[in-house]
Amino acid sequence: QVQLVESGGGLVQAGGSLRLSCAASGRAFSTYAMGWFRQAPGKETVFVAAISWNGGRSYYGDSVKGRFAISRNNAENTVYLQMNSLKPEDTAVYYCAADRNFGGVEAATSAYDYWGQGTQVTVSS
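Residues numbered from 1 in each chain as written. Predicted model: local features only at pLDDT ≥ 70, side-chain atom pairs only at ≥ 80, totals over all residues. Heavy atoms only, no water.

1. Observations concerning the sheet that holds strand β8 (residues 78–83)
Let me state the cut-off plainly: When DSSP locates at least two bridges between a pair of strands, those strands are taken to pair. In this description a helix means any DSSP run of H or I spanning at least four residues, a strand means any run of E spanning at least two, and both kinds are numbered starting from the N terminus. Note on geometry: axes are lines fitted to C-alpha atoms, helical ones only across the stretch in contact, with angles between N-to-C directions running from 0 to 180 degrees.
The strand order across the open sheet built from 4 strands is β1-β3-β8-β7, with neighbouring strands paired in antiparallel fashion. The open sheet terminates on both sides in strands that have one partner only, identified here as β1 (4–7) and β7 (68–73). Each strand axis lies, on average, 15° off the axis of its neighbour in the sheet, ignoring direction. Direction of pairing for β7 relative to β8: antiparallel, over a ladder of 6 bridges. Directly across from R72, in β8, lies its bridge partner V79.

Structure, rendered in C-alpha cells:
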C-alpha cells in the first residue's frame, strides 16, 4: 500500500511557474512508475506526465510538452512536476498516481494503482 500526498498548488498568473510535489509513504516507492494527471471542472481526468521507476524514461501529454518536466527523488520518496509557461487552460486539480509496473510510463488512468487527493492549480489570465 502506498499513500500519496500532493503539495505545491496555488494561484499563479499566466506565464508563471509552479512546482508540484508528491510525497509517498512506504519503502516500495522506488519500484513504482509515477504519473501526474489533472482534472478541470466538469471535464475528465487527463494525463499530464509519467516517469519510470529510476527516472530513465518519461512521457508527456501533448498539451504540456516543452513546458512541464517530471522528475523524482527516490531517496526522498518524492516525485515532482515543474510547470513553466503556465496558461489559464492548465487550471485543474492535479493528482499524482503510482503504478506497480515499475517500467511503465502509462497515460491511461487504469494503469495506476494508487492515487493522491490532489492539489489545486489556478492560472489567471
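2. Thoughts on the pairing of strand β3 (residues 18–24)
Operational definition: Type-normalised accessible area, obtained with a 1.4 Å probe on protein chains alone, sets the label of each residue: buried when under 20%, exposed when over 50%, and partly exposed for intermediate values.
In terms of residue burial, β3 counts as a mostly covered element, since 5 of its 7 residues are buried. Of the pairings in the sheet, the one linking β1 to β3 comprises 4 bridges and is antiparallel in character. Residue V5 lies in a different strand from β3, and its bridge partner there is A23.

3. Notes on the packing of aromatic side chains
Threshold: Ring pairs are drawn from Phe, Tyr and Trp, using the six-membered ring of Trp, whenever the two centres fall within 6.5 Å, and their geometry is named by plane angle: stacked under 30 degrees, edge-to-face over 60, tilted for the rest.
In the structure shown here, the tally under the stated rule is 6 aromatic pairs. Summarising the aromatic geometry, the rings of F37 and F47 are spaced 5.6 Å apart at their centres and angled 70° between planes, so their arrangement reads as edge-to-face. On the criterion of sequence distance, the pair formed by F37 in strand β4 (residues 33–39) and F47 in strand β5 (residues 45–51) is long-range, its members being 10 residues apart. Each member of the pair, F37 as well as F47, carries the same accessibility label: buried. For the ring pair F37 and W115, a centre distance of 5.0 Å and an interplane angle of 50° mean the geometry is tilted. Linking F37 in strand β4 with W115 in strand β10 (residues 114–115), this pair joins segments that are 78 residues apart in sequence. For F37, a relative accessible area of 0% gives the class buried.

4. Some words on the pairing of β4
Summarising burial for β4: 6 of the 7 residues are buried, a large majority. The pairing of β4 with strand β9 (residues 92–99) spans 7 bridges and is antiparallel. Bridge assignment links G35 to a residue of β9, and that residue is A97. Relative to β5, β4 runs antiparallel, the two sharing 6 bridges. Note on β5: the bridge partner recorded for Q39 is T45.

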